[in-house]
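Coordinates in review
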Amino acid sequence: ARRACDWDTAERAVGQARNIARVTGAGWLDRVALSAQRGTSGLAGRLSGRQVGAFTRREKAVADLLAVGLSNAEIAGRLYLTVKTVETHLTRIYRKLGVRSRGAATAMLARTTPTAQA
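In what follows, the accompanying structure is described. Nothing here was measured: the structure is a model prediction, and the numbers come from that model.

A word on the overall build of the protein chain
When you go through the protein chain residue by residue, the secondary structure sums to 7 helices and 0 strands. Every one of the 118 residues in the protein chain was classed for burial, and the buried ones make up 36%. Counted over contacts in the protein chain with a minimum sequence separation of 6, partners at least 24 positions apart contribute 59%. Put simply, the protein chain shows about 7,300 Å² of open surface, and 55% of that area lies on carbon and sulfur atoms.

If you want it as structure tokens, here you go:
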């Protein structure tokens, strides 16, 4: 049987690690902790199975980059897409997440998306 995970406790612990890393100037450790923090909640941890399964591979890549705060042009450059194509993917992502704005999607994804693979 799988053990239940206390996501809130895990997120708090990793958040504390990030604070310590920032205070001590250990940027590399902050990046590792950020990656772990995003991994503790994961899309499956916060979104319904229907929403997770509904993201295409490309939508997932766009969502990952949106979650770390990249602009449409930056996402397009990283993924070798046009800005218009990124906008189309974002529209679909917003609809699947049930949000109406970039800010709402970014906030949700920043809590739920593992570190982007760029």
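Quick notes on unusual backbone geometry
Phi angles above zero are rare outside glycine, and Y80 is one such case at about 55°. Within the secondary structure, Y80 sits in the loop between helix 5 (72-79) and helix 6 (83-97).

Concerning the pattern of salt bridges
Here the structure, examined in full by the defined rule, presents 2 salt bridges. Measuring nitrogen to oxygen at the nearest pair gives 2.6 Å for the salt bridge that ties K96 to E59. Of this pair, K96 sits in helix 6 while E59 sits in helix 4 (residues 57-67), placing them 37 residues apart in sequence. Exposure remark for E59: the relative accessible area of 2% places this residue in the buried category.

Looking at the environment of R102
Structurally, R102 can be placed in helix 7 (residues 102-112). Distance in space between the C-alpha atoms of R102 and T91 is 9.3 Å, their sequence separation being 11 residues. Residues in contact with R102, not counting those within four places in the same chain, are L66, L70, S71, N72, I75, L90 and Y94. For R102, the side chain forms a polar contact with the main-chain oxygen of L70, separated by 2.8 Å.

What to know about the packing of helix 5 against helix 6
Relative orientation of the contacting elements helix 5 and helix 6 amounts to 105°, with a least axis distance of 8 Å. When the interaxial angle is binned, helix 5 and helix 6 end up roughly perpendicular. Across the interface between the two elements, N72, A73, I75 and A76 from helix 5 touch V83, V86, E87 and L90 from helix 6. For the contact of helix 5 with helix 6, a count of residues per class yields 6 nonpolar, 1 polar and 1 charged.

Quick word on the packing of helix 4 against helix 6
The interhelical angle for the contact between helix 4 and helix 6, taken along N-to-C directions, is 90°, at an axis separation of 10 Å. When the interaxial angle is binned, helix 4 and helix 6 end up roughly perpendicular. Contacts between helix 4 and helix 6 involve R58, E59, V62, A63 and L66 on the former and, on the latter, V86, H89, L90, R92, I93, Y94 and K96. Among the residues making up the contact of helix 4 with helix 6, the classes are represented as 7 nonpolar, 1 polar and 4 charged.

Analysis parameters
- Going along each chain's sequence as written, the residues are numbered from 1 onward.
- Residues qualify for local features only when their pLDDT is at least 70, as the model is predicted, and side-chain atom pairs are given and counted only at 80 or more; totals for whole chains, interfaces and linings, by contrast, use all residues.
- Side-chain numbers here rest on the full set of heavy atoms in the structure, without hydrogens or water.
- Strands here mean DSSP runs of E at least two residues long; helices mean DSSP runs of H or I at least four residues long; both are numbered from the N terminus.
- Think of it in three bands: residues with accessible area under 20% of the maximum for their type are buried, residues over 50% are exposed, and the middle band is partly exposed, with areas taken using a 1.4 Å probe on protein chains only.
- The contact definition used throughout considers only heavy atoms, calling two residues in contact when any of these lie within 4.5 Å.
- Only the protein chains shown count as cover for residues, and the accessible areas themselves come from Shrake-Rupley with a 1.4 Å probe.
- We count a salt bridge whenever a side-chain nitrogen from Lys or Arg sits within 4 Å of a carboxyl oxygen from Asp or Glu.
- Nitrogen and oxygen atoms within 3.5 Å of one another constitute a polar contact, given that in protein one can donate a hydrogen and the other can accept it, and given that sequence-neighbouring residues count only through two side-chain atoms.
- Angles here are taken between N-to-C directions and fall from 0 to 180 degrees, while the axes themselves are lines fitted to C-alpha atoms, restricted in helices to the stretch in contact.
- Note on angle classes: values under 35 degrees are labelled roughly parallel, values over 145 roughly antiparallel, values of 65 to 115 roughly perpendicular, and the remainder oblique.
- Gly counts as polar in this scheme, as do all residues outside two lists: the nonpolar Ala, Val, Leu, Ile, Met, Phe, Trp, Tyr, Cys and Pro, and the charged Asp, Glu, Lys and Arg.

Don't take any of this as a statement about function, it's just geometry.
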